[in-house]
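Understanding the architecture of this molecule
If you want the building blocks of each chain, they are given just below.
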Amino acid sequence: QTCALPILRSQTDNEIDRSELLEQLRLLEGVGPQRIAQLLPLLPDPLDPLGASPGQIVTLNPTGPREELNVRYAVYLPPEYRPENAYPVIVALHAQGRTPEDEAVFWAGTPERPGQASRHGYIVVAPHYTTSENQSQYDYSARAQALVLEALRDVGRRFHVDHDRVFLTGHLMGGDAAFEIGMSHPDLFAGIVPIAGVSDQICQFYWENARHTPFFVVLGELDRDTVARNSRELERMMKARFDCLLSEYVGSGADSFYGEIHVLFDWLGRQKRNRLPPKLDMKTLRNSEQRFYWLDVGDIPAANRLGTADPDRRQVPKPLRVTAEVLQPGNRIEVTNRTNRTVLRLTPEGGFL
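A few points on the structure. It should be emphasised that the depicted structure is a prediction, and the values quoted were computed from it without experimental measurement.

**Side note on the sheet that holds strand β13 (residues 332-336)**
- Strand order in the open sheet formed by three strands is β9-β12-β13, with antiparallel pairing between adjacent strands. Lying at the two open borders of the sheet, with one neighbouring strand each, are β9 (279-284) and β13. Adjacent strand axes in the sheet meet at a mean angle of 10 degrees when their direction is disregarded.

Printed below as a string of structure tokens:
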């Protein structure tokens, strides 16, 4: 069993090397999936921290399997950070006219004036998610979404992250992105905090995906027409009894709403990701959105995929609906899926099997 540790520390994206490592693990006496699952949280972070140090905001530009994306992000580690402990994460998306570093400062502060993330022990990740220079509006693109998710994935491989306490937030344009990415990938987050953002475009089809993910929405009464534009999805979510809070600042326009920071951290401290809900009812329009909690599906049919609809129709295609439910008694799982693949990812702690 002692020789399993060096094998588990190995990192490779080569399928042949991975197969060889798996075969070596199979030959080790007493080592199986359950034993490996117990070992993984105790192992060092597999990738180099690239100069990131506690108490400092540092911008990283890592290389990886998706190098064409040119992933960059500002990261802040709390002063007490130690690789032996797991830390909650705030993924923060900046507003138009601001930088990721500015957004990181909002949450983490500076060495001279520590912010609330420093005081509460959070890692802050601020991805460069815009797809063009001087971008003033969120473009709802698959590339922008990939930049955010790849940054989060890279952070999880370089630092010790509590994956059950990852939160997504953003200001203005970044709030728009937090709505869309949070509804597209709700299984990754313990909570979504859009600040002065708008639930728009694709969100009208995805709001039901947020059934198992709490939302804390902060808006200003006089901030353009954000309150009216958000009412469509927020009313639907509240009527369906989703875990959704709205904090509206009366008489306020567009703002960072730093006055809400202590309430936000109190809320963040009480959230934890729901990893294995027994019933799923999800919608998707893109091949980048094929994973739903414990269910993976295949490629989205062209008739349901964004960007492949008949151009003469001038409308978004009808989203693909995927449902799954664990039924008791009988321990039966029923899945409705019109793609060519269904993969179930269940664990003993989920109580399903």
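**Notes on the nonpolar core**
- Residues Tyr73, Val75, Ile123, Phe159, Ile181, Phe215 and Met237 are the most contacted members of the largest nonpolar core, which totals 50 residues.
- The element that contributes the greatest number of residues to this core is helix α6 (residues 142-158), accounting for eight residues.
- Ignoring any residue separated from it by four or fewer positions in sequence, one finds Met237 in contact with Met183, Trp207, Ala210, Phe215, Phe242 and Cys244.
- Counting 25 residues, the second-largest nonpolar core is a separate cluster that includes Ala74, Trp107, Ile195 and Ala196.

**Concerning the packing of α6 against helix α7 (residues 173-184)**
- Where α6 contacts α7, the axes come no closer than 11 Å and their chain directions differ by 75 degrees. Between α6 and α7, the interaxial angle falls into the category roughly perpendicular. Together, Gln145, Val148 and Leu149 of α6 and Glu180, Ile181 and Ser184 of α7 make up the contact between the two elements.
- Among the residues forming the contact of α6 with α7, the class breakdown is three nonpolar, two polar and one charged.

**A short note on unusual backbone geometry**
- One non-glycine residue, Leu50, lies in the positive phi region at around 55 degrees.
- In this fold, Leu50 is placed in the loop between α3 (33-39) and β1 (57-60).
- Given the relative accessible area of 37%, Leu50 is considered partly exposed.
- Despite not being glycine, Asn70 has its phi angle at roughly 55 degrees, a positive value.
- By secondary structure assignment, the location of Asn70 is in the loop between β1 and β2 (73-76).

**Re the packing of aromatic side chains**
- Per the counting criterion, the structure on display carries 13 aromatic pairs.
- Between the aromatic rings of Tyr122 and Phe167, the centroid separation amounts to 6.4 Å while the plane-to-plane angle is 50 degrees, which identifies the pairing as tilted. One end of the pair, Tyr122, is in the loop between α5 (116-120) and β4 (123-127); the other, Phe167, is in strand β5 (residues 161-171), with 45 residues separating them in the sequence. Across the pair, exposure class does not vary: Tyr122 and Phe167 are buried alike.
- Site record: aromatic cluster; members linked through ring pairs are Phe106, Trp107, Tyr122, Phe167, Tyr258 and Phe265.

**A few points about the pairing of strand β6 (residues 191-195)**
- Among the five residues in β6, five count as buried, and that is most of the element.
- Burial of the side chains of β6 extends over both faces: Gly191, Val193 and Ile195 are buried on one face and Ile192 and Pro194 on the other.
- A crossover links β5 with its parallel partner β6, the connecting element being α7, and its sense is right-handed.
- The sheet contact formed by β6 and strand β7 (residues 215-220) spans two bridges and is parallel.

**What to know about the environment of Met238**
- The topology assignment puts Met238 in helix α9 (residues 226-239).
- Excluding anything up to four places from it in sequence, Met238 contacts Cys244 and Leu246.

What counts and how
- Residues numbered from 1 in each chain as written.
- Predicted model: local features only at pLDDT ≥ 70, side-chain atom pairs only at ≥ 80, totals over all residues.
- Heavy atoms only, no water.
- Pairing = 2+ DSSP bridges.
- Helix = DSSP H or I, 4+ residues; strand = E, 2+ residues; numbered from the N terminus.
- Axes fitted to C-alpha atoms, helices over the stretch in contact; angles between N-to-C directions.
- Core = buried A, V, L, I, M, F, W, Y, C linked by side-chain atoms within 4.5 Å.
- Buried < 20%, exposed > 50% of the residue type's maximum accessible area, 1.4 Å probe, protein only.
- Contact = heavy atoms within 4.5 Å.
- Parallel < 35°, antiparallel > 145°, perpendicular 65-115°, else oblique.
- Nonpolar A, V, L, I, M, F, W, Y, C, P; charged D, E, K, R; others polar.
- Phe/Tyr/Trp six-rings, centres within 6.5 Å; stacked < 30°, edge-to-face > 60°.
- Right-handed = clockwise from strand over helix to strand, strands pointing away.

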